[in-house]
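# Structural overview
Residue-level listing of the chains:
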Amino acid sequence: MAPQQAELAEYRRRRDFSKTTEPEDAAAAEPGERPSFVVQIHDATAMHFDFRLEVDGVLKSWAVPKGPSTDPHDKRLAMPTEDHPLAYREFEGVIAEGEYGAGAVIVWDEGTYRNLSTRRDGHTEIPFAQALADGHVSFWLDGHKLRGGWSLTRFRTDADGGRETWLLVKRSDERASGAGTPDPRRARSVRTGHTLGQIAAGRTA
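In what follows, the accompanying structure is described. Given the structure is predicted, the values throughout are model-derived calculations rather than measurements. (Residues numbered from 1 in each chain as written. Predicted model: local features only at pLDDT ≥ 70, side-chain atom pairs only at ≥ 80, totals over all residues. Heavy atoms only, no water.)

Turning next to the overall build of the protein. If you tally the helices and strands in the protein, you get 4 helices and 9 strands. Put simply, the protein runs from its N terminus to its C terminus through helices and strands in the order α-α-β-β-β-β-β-β-α-β-β-β-α. For 205 residues, the compact-globule estimate of 2.2 N^0.38 gives 17 Å, and the C-alpha radius of gyration of the protein, at 17 Å, lies within 12% of that figure. In terms of its C-alpha atoms, the protein occupies a principal-axis envelope of roughly 50 × 45 × 40 Å. Taken over 205 residues, the protein has a buried fraction of 46%. Residue pairs in contact within the protein that sit at least 24 positions apart in sequence constitute 57% of those at least 6 positions apart. Averaged over its 28 positive side-chain charges, the protein has a centre that lies 5 Å from the centre of its 32 negative ones. (Helix = DSSP H or I, 4+ residues; strand = E, 2+ residues; numbered from the N terminus. Rg over C-alpha atoms; globule rule 2.2 N^0.38 Å. Buried < 20%, exposed > 50% of the residue type's maximum accessible area, 1.4 Å probe, protein only. Contact = heavy atoms within 4.5 Å. Lys, Arg positive; Asp, Glu negative; His and termini not counted. Charge placed at Lys NZ, Arg CZ, Asp CG, Glu CD.)

Turning our attention to the pairing of strand β1 (residues 36-43). Counting buried residues in β1 gives 7 out of 8 residues, a clear majority hidden from the surface. Two elements, β1 and strand β6 (residues 103-115), share 8 bridges in a ladder whose sense is antiparallel. Note that in β6 the partner of S36 across the bridge is T112. In this structure, β1 lies alongside strand β2 (residues 47-55), joined through 7 bridges in antiparallel fashion. Among the inter-strand pairings, I41 is bridged to a residue of β2, identified as F49. The hairpin formed by β1 and β2 contains 3 residues between the paired strands. (Pairing = 2+ DSSP bridges.)

Now for the pairing of strand β8 (residues 147-156). In this sheet, β8 lies alongside strand β7 (residues 136-143) in antiparallel orientation, the contact comprising 7 bridges. Directly across from H136, in β8, lies its bridge partner T153. Hairpin connection of β7 to β8: 3 residues between the antiparallel strands. Summarising the sheet, β8 and strand β9 (residues 165-170) pair through 6 bridges and their orientation is antiparallel. Counterpart to R154 in the pairing with β9 is W166.

The next thing to look at is the nonpolar core. Counting 29 residues, the largest nonpolar core has F51, L53, W62, F139, L141 and L152 as its most contacted members. When neighbours within four sequence positions are excluded, F51 is seen to be in contact with V38, V39, K60, S61, W62, V64, F139, L141, L152 and L168. (Core = buried A, V, L, I, M, F, W, Y, C linked by side-chain atoms within 4.5 Å.)

A few words now on unusual backbone geometry. The phi dihedral of D56 is positive, around 50°, even though this residue is not glycine. Following the sequence through the fold, D56 ends up in the loop between β2 and β3 (58-64).

Summarising the element assignment, S61 is placed in strand β3. We classify S61 as buried; its relative accessible area is 2%. For S61 and I199, which are 138 residues apart along the polypeptide, the C-alpha to C-alpha distance reads 22 Å. Residues within four places of S61 in sequence aside, it is in contact with F51, R52, M79, P80, T81, E82 and H84. At 3.1 Å, the side chain of S61 and the backbone oxygen of L59 are in polar contact. (Polar contact = N/O pair within 3.5 Å; in protein donor to acceptor, adjacent residues only side chain to side chain.)

Okay, the pattern of salt bridges next. All chains considered together, the criterion is met by 15 salt bridges. Salt-bridge contacts for R13 lead to E10; the nearest nitrogen and oxygen are separated by 2.7 Å. With R13 and E10 both in helix α2 (residues 9-13), this residue pair falls 3 residues apart, about one helical turn. By relative accessible area, which is 27% here, E10 ends up partly exposed. With a closest N to O distance of 3.2 Å, R89 and E54 form a salt bridge. Of this pair, R89 sits in the loop between β4 (76-85) and β5 (93-95) while E54 sits in strand β2, placing them 35 residues apart in sequence. Judged by its relative accessible area of 13%, R89 is buried. Taking the relative accessible area as the measure of exposure, E54 reaches 7% and is therefore buried. (Salt bridge = Lys/Arg side-chain N within 4 Å of Asp/Glu carboxyl O.)

And the structure:
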């Protein structure tokens, strides 16, 4: 089994692709010159933002209940979820009732990112996948809405007796602001301009 296929086994196990319009084919999207990121708003059982970073051919994913904040004082809880295929960065629509994650999804932001993770000397770059495995990554987002430096830090592992947990925090730089996070129900897709309510009602691009 190819590495991407192995990493996507859990993604596939949870979904019936005869009933969901979510992408199945891991080869449906190709990597770009720079790794991509996407933030989707998902009106599932609990409303949340899905924060996804392209790493080694898949989207590493975290559910962020309150969403990413542009205020460096806000430490946002981020719960890791299964890896998703690169094609998922374009997914917007409604996951059918009865399926895993049933509910409307919009692409709230998308773009590319670059690695800012370094060793203690502050100059030697740590490969992103390694920094992620070590539990701390720093990166610069170039999105339509999110820009500037961010970090993801693991502060609890499965071995600690609970679910693995991370924090997503905006770094203090020229892109920081006190704007925080938008109201997810009023937020609009960067792809179609639609809200979650419009997508749920069947609006398309």
